[in-house]
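Architecture at a glance
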Amino acid sequence: MHTKSDLHRLWQLKSWLPITAGMLLGWPPLAAQVGLGLSPMRMELRLAPGGSYSGVLRLDNEGDLVRVRTSVLDFRVDSEQNPQFEPGLTEEAAYSCRSWLTVNPMEAELIVKGGIPVRYTLHVPANAQPRSYYCAAGFTSLPTASQVSGFGIRTAVRVVAAFYVIVGNPAVEGRLTEIAMEQVPGSKNLRAVVVLENSGKMFYRPIGTLAVLDPNGAVIEAYDITQLPVLPERKQRFLFPLKVSAGQPCTLRVRVDLGTGEIQEGTAVVQAASVRQ
C-alpha cells in the first residue's frame, strides 16, 4: 500500500550564524529558499525471508538550487507523539530493517523546481523472523556555497520516507490501557492522554475517537485518534488538546479498533484533583 502521509513530516533543522555581526559589517543576511517534496512517504510491504523488493521514490525540489544527501535511518515515536529519526537506535534493533535498505543516489543536486527518481531496494535476510520491521530513508538539504562562506540563516530541510516490512503473518496484539487528563507542559491548558499497548510483534495503526462528555452524558468535544503507528512491544501515548477548563467535571470516552476488527471501549471520569501537573 502506497500513501503520501504518515507520522513523517517535513523536518526543518535550523542553525543561526551571528546575523547581528553581519549587519554591523554591512553584509546582507543570506537565506536561500529551500523546500523538498517526497512521494510516496510511506511504503508497506509483505516479503518472505530471503525475498527482495525494488521501487522508486520521487524527490522534488520546490525551491532554489539545492544539493541533497541521503541517509538510512531508524525511527521511533516518543511520548509527545514526535517521530525521532536517528542513524541507529539500539532499542529498535530487533525490528529495524535499516541494514536491509539500499538507496541510490546517496547524494544529488536538484535544479530549481526540478526532481529526480530515487531507487531503493530491500533485501530480507533468509533468517528473518515473523514480525513487522521498519526503517526510513531521509533526504537532507546541504548548505549552498554562499551560505557556507557568508553570514545569515542556514536552513536544512529533511524529508523522510518510512518503510514497513511484514514478514510472515504476525498477529496484532494490542489493548487500551489508560485514559487520563493532564496539564500541557508550560501551559494552563489541559489535554487528554490515551495509552495504547502493543504486546505483539506486529505494528498497528488505531482507528477510533475520543469524546468528552458532560455530567449529563452529552458530547462537548470529540476527536479522531491520530493514526500513528504503535510499534511492537511498547506503550504509545496519544495526546488530545482539550477546551475544557480545570475543575470542570467530565468523562473521557474512547472507542478504538486496533486492527483486529473489534472495538475496545473505555471511560474515565475526570475531576480537577485528578489532573496531573
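Here, every reference points to the structure presented above.
A brief look at the structure comes next.

1. What about the pairing of strand S8 (residues 101-104)?
The side chains of a regular strand alternate between the sheet's two faces. Side chains Leu-101 and Val-103 of S8 all project onto a buried face; the interleaved residues Thr-102 and Asn-104 project onto a face where none is buried. When S8 meets strand S10 (residues 115-123), the two strands line up antiparallel, connected through 4 bridges. Note that in S10 the partner of Val-103 across the bridge is Tyr-120.

2. Considering the sheet that holds strand S3 (residues 36-39)
Strand pairing in a sheet relies on backbone hydrogen bonds, with the paired strands running either antiparallel or parallel. Pairing is antiparallel in the open sheet, where 4 strands are placed in the order S3-S5-S10-S8. At either margin of the open sheet sits one strand with a lone partner, and together these are S3 and S8. Sheet twist, expressed as the average angle between the axes of neighbouring strands with direction ignored, equals 25 degrees. Looking at chain direction, strand S5 (residues 52-61) and S10 are connected through 9 bridges and run antiparallel. Looking at S10, one finds that Val-56 is bridged to Arg-119.

3. A look at the pattern of salt bridges
Under the criterion given, the structure shown has 16 salt bridges. For the salt bridge of Glu-44 with Arg-42, the shortest nitrogen-to-oxygen distance reads 3.2 Å. Of the charged contacts in the structure, one is a salt bridge between Arg-234 and Glu-92, with a shortest N-O distance of 2.9 Å. With a gap of 142 residues between them, Arg-234 in strand S17 (residues 234-241) and Glu-92 in the loop between strand S7 (83-86) and S8 connect regions that are remote in the sequence. By sharing partners, the salt bridges in this structure join Arg-67, Arg-69, Glu-107 and Glu-109 into a single network.

Conventions we followed
- Residues numbered from 1 in each chain as written.
- Predicted model: local features only at pLDDT ≥ 70, side-chain atom pairs only at ≥ 80, totals over all residues.
- Heavy atoms only, no water.
- Buried < 20%, exposed > 50% of the residue type's maximum accessible area, 1.4 Å probe, protein only.
- Helix = DSSP H or I, 4+ residues; strand = E, 2+ residues; numbered from the N terminus.
- Pairing = 2+ DSSP bridges.
- Axes fitted to C-alpha atoms, helices over the stretch in contact; angles between N-to-C directions.
- Salt bridge = Lys/Arg side-chain N within 4 Å of Asp/Glu carboxyl O.

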